[in-house]
Amino acid sequence: MQGFMKLSRLFRLSSHLIPLIILAILISGLSDAKHPQPKNVQVSLRAKWSGTSLLLEAGELLAKEQKNNFWEFGKQWLESDHHLASTSPKDCFEEILKHGSYFLSGSLESYYQLSLILRSASPKLVLYRQLAQDSLSSFSLSHEESVNSENASDIYYKDLDRWPVSRNPNAPKGKCCWVDVGSTILFDVSELSAWLNTLTTLSQDSREEPEIFEFDHIYPESNRKSPGAVLYGALGTNCFSNFHLALVEASIKGKVQYVVRPILPSGCESEAEYCATVGTGSRLNLAGYGVELALKNMEYKAIDDSEVKKGITLEDPRTEDLSQEVRGFIFSKLLERKPELTADLMEFRDYLLSSTVSDTLDVWELKDLGHQTAQRIVQASDPLHSMQEINQNFPNLVSSLSRMKLNQSIKDEIITNQRMVPPGKSLIAINGDLINIESIDLFSLMGLVHGELSLADQIARLKVPQKDIKMLLYTPAPSEQGSFRLDFRSIHVHYLNNLEEDSMYRRWRSNLNELLMPVFPGQFHYIRKNLYHAVYIIDPSSAAGLKAVDTMMYMFENHVPMRFGIILFSSKLAESIEENDGEIPAYFEENNKNKFRKVEEDTSSLIISLFLYVEENYGTKMAVQFLIGLNNHWGVSKADDDEVVEKSYVEDAFVEALKSKANSPPQEILLKMKNELTFKERADQSTFFVYKLGLSRMQPCLLMNGLVYGSSQAQDEALQAMNEDLMKLQEGVYYGHINSRTDVLEKFLSESGHPRYNPHIIREGKDHQKFVSLATSVLKRDSVIVKLKYLHSPETEDDMKPVTHLLAVDLTSKRGLKFLRHGLRYLLDGTKRARLGILYNIDNPVSFPQGSPFLLLVKVIDFTASSFRYRAKALEFLNQLIIWYEAQHLYSSQTSNTNVEAFIEEVAKLAEANDLKSDRLRSALSEISWDSFKDYLQKVSGFLSSEFGLGSGDNAVITNGRVVLHKEDSFISDDLKLLETVEYDRRIKPVATIIEQVEWEGVDPDDLTSDFLSDTIMAISSAMSIRSRGADNAHFEVLNAKYSAVILEEENAIIHIDAVIDPLSSSGQKLAPLLRLLQRWFQPSMRIVMNPVEMTRSLERNTNQESSECII
C-alpha cells in the first residue's frame, strides 16, 4: 500500500501541468543570408517516465467501457496471429485499433483512437510499474539482483529526475512475468502448480495474501473469497500466455482470485512480440497541454535620419534579415518575386519602420475591436479555425481586424444578449451541463465527452430511438437542495403552547411582513403566528431525554417564538416491537394467561402513562411540569446521558405534582394507574408511532417543521434549526405563498413530508450513496438480472414498474429471512410503481448437500416467483413459508440432509391453503438438478460480489442501481416504501416519463412487455446515476443567435455544445483549440454565441503570444 500511495500524485497529471522539459529552442541565425530561416520556437513536452506499451494501454482504455473488455481483448489478441506479421509501429497501431474497435461502436471508436494518440492510459500503467516494484522489493528482489542492470535503460535513468515513477523495474532473475501470491513470488508455471496443490492444506487464516485494489483487473469468474494471485506481465509475451492459461483454469475451479497488472519490465523487449513493444523505450511525448511563450522583441536599432534621401534605402537587402514581418509584409518574399522593384520595396519598408507610421493603434480604432473580431469569426468558412488563429496570432491580426467594416446587426445582437450575460463572460455546456472553464483541460473534457458517449451507446443498445436518447442526455442530475421533512402530524404530539391563541403572545404583531425586516444578530422576529414548530422526540426515563425537556422549557419561559411540543416513547418497548416483527407485544390478564403476553416492567411506559393522565385531567403544561419535577427529584443535570431514572423518583415526582391539584390522594391514583390498561395502551401507541417514524434509535431528537435534527439537548441546536428554516419562510412570504391564513406546518409537510425517516436512505450526495450501472447486465443475455423473475403487488403484475428493488438476502440467517419477509409485506401492502427481485447472497452454496432445507427453500421461492407470481395469494404463501422455515429449520444444521419428502409435503399443504397447485410444486421439487442449481446460486453470489461489492452473507437492497446495505439498523417494509418514493422523485421519474412516450422502432410489438419497459427504465436510470453532472441545465436558447453566433449542425450528433465566448479573452483562447478537437473527432453540433467586450483598453497580447494547440 505504501507503493500505491507514492503513486497518488500520478492521477492528478490530467488536471495539472506536469514539469516541462524544453528539448530545443531553435532560433535561426543569419548565417545563411540567401535562404534565411524564420525565427521560431519549437517546444516539446515529455513525461518523467519511459514510454509504455501501446498494446497494454489499449487494454486499459477498453476496460473503462466494461471490465470484461480487458479480458476479451486479451483473449482475442492471443487467439489472433495477424499482428505477428506487423513490422512497423503504424501496422501495429492499426492492428490494435482493429482489435479494440470490435468491442466499441459509433463515436466510442473515435474516442478510443484519440485516447491512444494522446496516450491517456499511460499513467495507469506507470501505477502498475510502481506496484510491481513494491512487489519485488517486498521479497528483496531489487534492481541490483536483476539481469541487464547495466543496460541502456539504466543510463537513461540517470538523466531523469529522482522521481519514484520514473523507473521501470528490470526483469527479476531474467523472468519477464511473475505471480505474487502474498507469501512468495512464483516465476514458473511449475511453481504455480505446486503452490495451487498446497492450498487445500492451508487454512484461510494462515494465508498471507497480496493486497487487491478496486482498480485491479479481476478475472470475472474468480471467487472473491479464494486466495489472491496477481500476475505481473505483458500481453504479447510467452510467459504471460502460459501463466494466463494456468490461472484462468484455476480461477474457474474456484481455487484462486486471478488478478492481472500489466507491465513489460525493462530488458524484456526482446522476449515480446513486436507490437507489444511499440511505445516503449524513450520517454513519453505529452500531448494535450498548452504552453505559454512570453516573448518580447528586445532588439533596438539606431538610425541617422539626417542621411535619409529619396530613393536611397537605409538598409542593404544583401545583409539585412528581411524574413521578419513588418506590418503584415514579408519583404524577403516580395524581393524574390519582384527583384526589379528592390529599391522601391526597401523604401516602402523604411517608411513602415519610420516614426511616421505608428506601431500602436489609436484608442478610437479599438472601440469595436471585439465586435469586429466576432464578425470575422462568424463570417469565416471555418469559424473555429479562425477563432484559434486570432487567439494565437492576435498582434499580427489586430490591425486588419480594427479596419474591418462592422455589420451593425451583429453589434446590436451582441448588445441585446449582454443584457442577460455580462460582457466578456465565457460559458460552455455539454448537453446542457454547465462546465467550469477555469478548471477544464483536455483530459477532463475528454472524460465528460466519454461519459456522454458511453451513456448514449448503452441507451442505443437498449433500442431507444435517437431523438429520445438526446432527451435523456439532457436530463439533469437530481437536485440535492430539497429539504427532507418528516410528517409527524399525530395525536401523539403534545404541544406546550400556541402562539396564535395563547394570551402571553397577545402583544406580538401578526403582520408576516415583519419577517422580511432585518434584525440584529441574536434577535428574533416576534410574530403572533405558528411559524416554527419545535417538537422533541424523547424517552422520558433517560437523562438525555429529560435534559431536552429542560432545554425546551428554558426557551419557552424566555419567549422564544416557537411552538413547542413533545412526543414520548419507550426505547425498551421500541426494541421489543422490532423483535416482535413490527407489532406491539400483547398484554395478558390474570384470568387469561394463555392468550396475552405478560408485560415486563418498563419505567418509560410508566412515565408516559402518568404524563397522559396528568395531561387529560390538568392540561399539557401541568404534565410538562410533572417531567420538570422528575428532573428536580433525580438531579438530572449531574447524570450521564445514558442513565435511566429509578422508579421511586417517578412516583415521588407524580405525587408532588398532584399534591395540591388532585381531589383524591395521589398515592391512590398511582395504585389505580398500575392496573389501568387504557393509558398503558395509549403510551404503547405513542411508542409505536415513534417506531414507525424511524426515530426510536435517535433519541433525543428535534423536529423543526419536520426537518430532523439529532442530539437536541443544547439550546443552540433549536436556534440553528430555526435560522435554517427562516429563509424558506421569508421566500414564501415575499412571493405570497405564505399569508396570515396559511397553516405553515400543513403547507410544508404536504409539499415535502414523508411518513418515515431513515438516514441511510435520505442522505444526499454521491459521497454518501453508492450507485452501480445495471445497463451492461441488462444487455447480456445470460446475465443474472435478465433471467430473474420478479414479484409484484396483487393485480399489478402486467403494469410497467419504473422502480425495481433487488433484494440481496442471506437466507441462512435470521436477519436475512426477516429482511425478505419485510420485502414481501411491502408488496402485500400494495405498490403500483415497484417490483421486487430476490438474489441469494450465500457463502459457498456448492458446499450444501443435496436435499438440505436451505436449498429446498430457495427452490420453492424461485419456483413460486416464476410460476405462481400471477396468483393472488402467492405472496402470502411465501410469507407463511418463511415463517414456518424459520421456526422449523433455521437453527437445524444447514449442511445436513433432511427428509425431502416430508419437507415437500409441508410446503404442499401451505400451497393448497393459499389456492396454489401443489402438484406442480411437488413435481418441481422432485426433479431438481442439484448441481446445476448450486452452480446458479454460485453465479448469483459472484454477480453480487463483482457488480455491487457485496460480501458473502451481506443483506442489501439495490434500487435502480442504488445500493443500500442492511446493517445493524432496523429495515422494515416502510423503509422500502420510503426508498421507492425518494428514488422515484429524485432520479427515476424523468426517465420513466420519457420511456413511456417513446415511439419504438425496430422492436417486435410482442417484445414490448411491461418487463421490457421496466428493465429499460432500470438500466437507463442506473446508468445515468453514475455520471458526473450538475443538478440544473444551462438554458442558452434564451440568447439570440441569428447574426452573432457560430452554429454547426450535425443531424445525428450525440454531443451538443452550447457556448458563450469572448474570443479575445484567455477563456476564448483556451476553448478554441478544444472545440476544434471535439469537432474533428466527435462531430458534435455546436451553438457558440459571441460575447466580446465593447471597448478594449489594454491589449496584453501586443507583447505576448500564447499557444494552446492541444493535440499532436
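Residues numbered from 1 in each chain as written. Predicted model: local features only at pLDDT ≥ 70, side-chain atom pairs only at ≥ 80, totals over all residues. Heavy atoms only, no water.

Help me out: how do you make sense of the packing of aromatic side chains in this one?
For any pair of aromatic rings, the description consists of the separation of the ring centres together with the inter-plane angle of the planes. Enumeration over the complete set of coordinates arrives at 26 aromatic pairs. On the numbers, 5.4 Å between centres and 70° between planes, the contact of Trp 1000 with Phe 1012 is edge-to-face. Note that Trp 1000 is positioned in the loop between helix H37 (973–996) and helix H38 (1010–1025) and Phe 1012 in helix H38, a separation of 12 residues in sequence. Here a set of aromatic residues connected by ring pairs shows up, and it is made of Phe 70, Trp 71, Tyr 219 and Tyr 258. Positioned over the ring face of Tyr 790 is Arg 835, at 3.7 Å from the centre of the ring. (Phe/Tyr/Trp six-rings, centres within 6.5 Å; stacked < 30°, edge-to-face > 60°. Helix = DSSP H or I, 4+ residues; strand = E, 2+ residues; numbered from the N terminus. Lys NZ or Arg CZ within 6 Å of the ring centre and 35° of its normal.)

What exactly am I supposed to notice about helix H32 (residues 853–867) here?
Since the α-helix advances by 3.6 residues per turn, residues separated by three or four positions end up pointing in the same direction. Helix length check: H32 (15 residues) gives 21 Å between terminal C-alpha atoms against 21 Å at 1.5 Å per residue, within 8%. When you tally the buried positions in H32, you get 11 out of 15 residues, the bulk of the element. All of the buried residues along H32 are Pro 853, Phe 854, Leu 855, Leu 856, Leu 857, Val 858, Val 860, Ile 861, Phe 863, Thr 864 and Ala 865. Buried residues belonging to H32 abut helix H31 (814–829), strand S20 (834–840), helix H33 (874–888), helix H34 (900–913), helix H35 (918–926) and helix H36 (930–948). (Expected span 1.5 Å × (residues − 1). Buried < 20%, exposed > 50% of the residue type's maximum accessible area, 1.4 Å probe, protein only. Contact = heavy atoms within 4.5 Å.)

Whenever I open this one, the nonpolar core confuses me. Can you help?
Soluble globular proteins tend to pack their nonpolar side chains together in the buried interior. Core analysis: the largest hydrophobic core is formed by 241 residues, its most contacted members being Leu 695, Leu 811 and Leu 1075. Considering every element that reaches this core, the biggest residue donor is H37, with 10 residues. Contacts of Leu 811, omitting those with residues within four sequence positions, involve Gly 816, Leu 817, Leu 820, Tyr 840, Ile 842, Phe 854, Leu 857, Val 858, Ile 861, Tyr 885 and Leu 890. Within the second largest apolar cluster, 69 residues are counted, among which are Tyr 532, Met 622, Leu 627 and Trp 634. (Core = buried A, V, L, I, M, F, W, Y, C linked by side-chain atoms within 4.5 Å.)

What should I look at first to understand the sheet that holds strand S2 (residues 178–180) in this one?
Backbone-to-backbone hydrogen bonds join strands into a sheet, with any given pair of strands oriented parallel or antiparallel. Taking strand neighbours across the sheet as the criterion, the five strands line up as S3-S2-S5-S6-S4 in an open arrangement whose pairing is mixed. The two strands at the open ends of the sheet, each matched to only one other strand, are strand S3 (185–186) and strand S4 (217–218). In this sheet, strand S6 (residues 257–262) lies alongside strand S5 (residues 228–233) in parallel orientation, the contact comprising six bridges. Note that in S6 the partner of Val 230 across the bridge is Val 259. With respect to the sheet, helix H9 (residues 238–252) is in contact with S2, S3, S5 and S6, its orientation differing from that of S5 by roughly 160°. (Pairing = 2+ DSSP bridges. Axes fitted to C-alpha atoms, helices over the stretch in contact; angles between N-to-C directions.)

Which parts of the structure should I look at to understand the sheet that holds strand S9 (residues 427–430)?
The five strands lie next to each other as S10-S9-S24-S25-S23, forming an open sheet whose pairing is mixed. Two strands close off the open sheet at either side, each with one partner strand: strand S10 (433–434) and strand S23 (1045–1048). Direction of pairing for S9 relative to S10: antiparallel, over a ladder of two bridges. Opposite Ala 429, over in S10, you have Leu 434 as the bridge partner. Seen against the sheet, helix H14 (residues 383–392) touches S23, strand S24 (1056–1061) and strand S25 (1085–1090) and runs at an angle of roughly 45° to S25. Across the sheet, helix H39 (residues 1066–1082) touches S9, S23, S24 and S25, and the angle it forms with S24 is around 160°.

Explain the packing of helix H13 (residues 369–379) against H14 here, please?
Remark: H13 packs on H14, axes separated minimally by 7 Å, with the N-to-C direction vectors making an angle of 145°. Judged by residue contacts, Thr 373, Arg 376 and Ile 377 of H13 engage Pro 383, Ser 386, Met 387 and Ile 390 from H14. Here the contact of H13 with H14 is built from residues that sort into four nonpolar, two polar and one charged. (Nonpolar A, V, L, I, M, F, W, Y, C, P; charged D, E, K, R; others polar.)

Is there a simple way to think about the confidence of the model for the protein chain in this case?
In regions of low pLDDT, the predicted coordinates are not meant to be interpreted in detail. In this model, the protein chain carries a mean pLDDT of 83, and residues with pLDDT of at least 70 account for 84%. The model gives residues 308–315 a pLDDT under 50, and that stretch makes 15 contacts with residues more than four places away or in other chains. This model gives residues 589–599 a pLDDT under 50, and the stretch forms 13 contacts once residues within four places in sequence are excluded. (pLDDT = per-residue confidence, 0-100.)

Is there a simple way to think about the packing of helix H17 (residues 442–461) against H39 in this case?
Two numbers describe a pair of packed helices, the interaxial angle and the distance between the axes. For the pair H17 and H39, the least separation of the axes is 11 Å and the interaxial angle reads 35°. The interaxial crossing formed by H17 with H39 has right-handed handedness. Where H17 abuts H39, its residues Leu 442, Leu 445, Met 446, Val 449 and Leu 453 lie against Leu 1074, Leu 1077, Leu 1078 and Phe 1082. Counted by class, the contact of H17 with H39 contains nine nonpolar, no polar and no charged residues. (Left-handed = near helix turned anticlockwise from the far one by under 90°.)

What is the right way to read unusual backbone geometry from this model?
For the bond from Gln 699 to Pro 700, the omega torsion is -10°, close enough to zero to count as cis. Within the secondary structure layout, Pro 700 lies in the loop between helix H25 (677–693) and strand S15 (701–704). For Asn 431, which is not a glycine, the phi torsion comes out positive at approximately 50°. Assessed through its relative accessible area of 1%, Asn 431 is described here as buried.

Mind showing me how you'd approach empty space enclosed by the protein here?
If you roll a probe as big as a water molecule over the atoms, it shows you where there is empty space left. What the rule picks out here adds up to six cavities of 30 Å³ or more. Every residue lining the largest cavity is counted, 14 residues in all, and those nearest its centre are Phe 70, Gly 74, Leu 235, Phe 240 and Val 260. At the level of secondary structure, the elements contributing two or more residues to the lining of the largest cavity comprise helix H2 (54–65), helix H3 (67–79), H9 and S6. (1 Å grid on protein atoms, 1.4 Å probe; cavity = no way out; pocket = protein on both sides within 12 Å on 5 of 7 lines; lining within 4 Å. Points joined across faces, edges and corners; volume = space filled by probe spheres on them.)

Hey, could you run me through the side chain of His 371 in this one?
As for its placement among the helices and strands, His 371 is situated in helix H13. The exposure class assigned to His 371 is buried, which follows from its relative accessible area of 1%. Apart from the residues within four sequence positions on either side, His 371 is in contact with Leu 406, Lys 411, Ile 414, Pro 1092 and Glu 1094.

Can you help me understand the pattern of salt bridges in this one?
Close approach of charged atoms allows side chains with opposite charge to pair. One pass over the full model with this rule turns up 31 salt bridges. The closest approach of N and O atoms between Glu 656 and Lys 659, which form a salt bridge, is 3.3 Å. In this structure Lys 659 comes out as exposed when scored by relative accessible area, which is 54%. Here Lys 873 makes a salt bridge to Asp 915, at a shortest N to O gap of 3.6 Å. In this pair, Lys 873 is assigned in the loop between H32 and H33 and Asp 915 in the loop between H34 and H35, connecting sequence segments 42 residues apart. A single salt-bridge network, built from bridges that share partners, covers Asp 581, Arg 821, Arg 825 and Glu 886. (Salt bridge = Lys/Arg side-chain N within 4 Å of Asp/Glu carboxyl O.)

Would you mind showing me how to read the side chain of Asn 497 here?
Here Asn 497 shows up in the loop between strand S12 (494–495) and strand S13 (533–538). The exposure class of Asn 497 is buried, given its relative accessible area of 3%. At 2.8 Å, the side chain of Asn 497 forms a polar contact with the side chain of Tyr 505. Here the side chain of Asn 497 touches Phe 564 through a polar contact of 2.8 Å, landing on its backbone nitrogen. (Polar contact = N/O pair within 3.5 Å; in protein donor to acceptor, adjacent residues only side chain to side chain.)

Please clarify how the pairing of S24 should be interpreted in this entry.
In terms of burial, S24 is a largely internal element, six of the six residues being buried. Judged by which residues are buried, S24 turns out to be covered on both faces: His 1056, Asp 1058 and Val 1060 on one side and Ile 1057, Ala 1059 and Ile 1061 on the other are all buried. Of the pairings in the sheet, the one linking S9 to S24 comprises four bridges and is antiparallel in character. Pairing of Ala 429 across the sheet is with Asp 1058, part of S24. The pairing of S24 with S25 spans six bridges and is classified as parallel. Looking across to S25, one finds that Val 1060 is bridged to Val 1089. On the question of chirality, the crossover connecting S24 to the parallel S25 by way of H39 is right-handed. (Right-handed = clockwise from strand over helix to strand, strands pointing away.)

What's the story with the state of the cysteines in this structure? I'm lost.
By definition, a disulfide links two cysteine residues through a covalent bond between their sulfur atoms. Throughout the structure, instances matching the rule amount to three disulfides. A disulfide bridge connects Cys 176 with Cys 268, and the sulfur atoms are separated by 2.1 Å. As the torsion about the S-S bond is roughly -105°, the Cys 176-Cys 268 disulfide counts as left-handed. With Cys 176 in the loop between helix H7 (152–157) and S2 and Cys 268 in the loop between S6 and helix H10 (274–277), this residue pair connects regions lying 92 residues apart in the sequence. (Disulfide = S-S within 2.5 Å.)

Sorry if this is basic, but what is going on with a nonpolar patch on the surface here?
Among the surface-exposed residues, Phe 329, Phe 348 and Tyr 351 lie close enough to one another that they form a single nonpolar patch of about 280 Å² accessible area. Position of Phe 329 relative to the elements: it lies in the loop between strand S8 (291–293) and helix H11 (331–337). Phe 329 sits in the partly exposed class, given a relative accessible area of 35%. (Patch = residues over 30% accessible without salt bridge, like charges linked within 9 Å, V, L, I, M, F, W, Y side chains within 5 Å. Areas by Shrake-Rupley, 256 points an atom, 1.4 Å probe, with all protein chains shown as cover.)

Looking at this structure, how should I read H37?
Counted at 1.5 Å a residue, the expected span for H37 with its 24 residues is 34 Å, but the 28 Å between its end C-alpha atoms falls short. The largest bend along H37 measures about 65° and falls at Ile 988, with the proline Pro 990 one to four residues further on. With 17 of 24 residues buried, H37 is to be regarded as a mostly interior element. (Bend = angle between axes of the 7 residues up to and from the residue.)

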